[in-house]
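For reference, the chains in residue letters:
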Amino acid sequence: SPPPPPTDAPTPPPTPCPPCLAPKDGQCAFTCTDALGCVNSQCATVVPCSALLKGWSGNACVRYLNDASPLCKQNGPCADANDVAVCDQSNVFALETVHHTCGDVRCRKACRRYDAVAEHAAFADVCFQFEQGACADGEWCDASGACALRPPPTELPTAAPTRRP
């Protein structure tokens, strides 16, 4: 009978290796070395970038236009839906669409990268309206989110005294 194999021999890799891994030196090793990940159709999850804000571009709050393709993370397994950093890979990052546009950059309120679009659905969630914002003294952000002269306060009419018979 043949001698038993040496105990320090590497264990052969599973056949086939899981997604994002390939046989190397008798083991499965991660294959993606790109910092932004590597598209891999064997990964099942699409990262929902189109539901996320990309951030400010001047006075426009922009969101990602497309979802990220299923991919392997750098030196890692498949990306999951929470791996939002993959939204910055070139085939997703370059494509954007305007979500809301403030009339003036000084009226920008909230449009942080990777925030959910749904949390900033209304114009007032993104741009200041009828508030100071970063406008100059005597100005405020008007209905369009642009700095404008603040109107003088309106005085409420006083009621005439009631006559008694």
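Here, the structure is the one placed above.
Residues numbered from 1 in each chain as written. Predicted model: local features only at pLDDT ≥ 70, side-chain atom pairs only at ≥ 80, totals over all residues. Heavy atoms only, no water.

With respect to the sheet that holds strand β5 (residues 60–64)
Taken together, three strands build an open sheet; the order of strands is β4-β5-β7 and the sheet is antiparallel. The open sheet terminates on both sides in strands that have one partner only, identified here as β4 (53–57) and β7 (96–101). Across the sheet, the mean angle from the axis of one strand to that of its neighbour is 35°, orientation sign disregarded. Examined bridge by bridge, β4 and β5 share four bridges and lie antiparallel to one another. Bridged to S57 within β5 is A60. (Pairing = 2+ DSSP bridges. Helix = DSSP H or I, 4+ residues; strand = E, 2+ residues; numbered from the N terminus. Axes fitted to C-alpha atoms, helices over the stretch in contact; angles between N-to-C directions.)

A word on the packing of aromatic side chains
Inspection of the entire model under this criterion finds one aromatic pair. Between F130 and W140, the ring centres sit 5.3 Å apart and the planes meet at 65°, which makes this aromatic pair edge-to-face. With F130 in the loop between α2 (123–126) and β8 (139–141) and W140 in strand β8, this residue pair connects regions lying ten residues apart in the sequence. In this structure W140 comes out as buried when scored by relative accessible area, which is 17%. Its guanidinium or amino end placed over the ring of Y114, R113 lies 6.0 Å from that ring's centre, counting from NZ or CZ. (Phe/Tyr/Trp six-rings, centres within 6.5 Å; stacked < 30°, edge-to-face > 60°. Buried < 20%, exposed > 50% of the residue type's maximum accessible area, 1.4 Å probe, protein only. Lys NZ or Arg CZ within 6 Å of the ring centre and 35° of its normal.)

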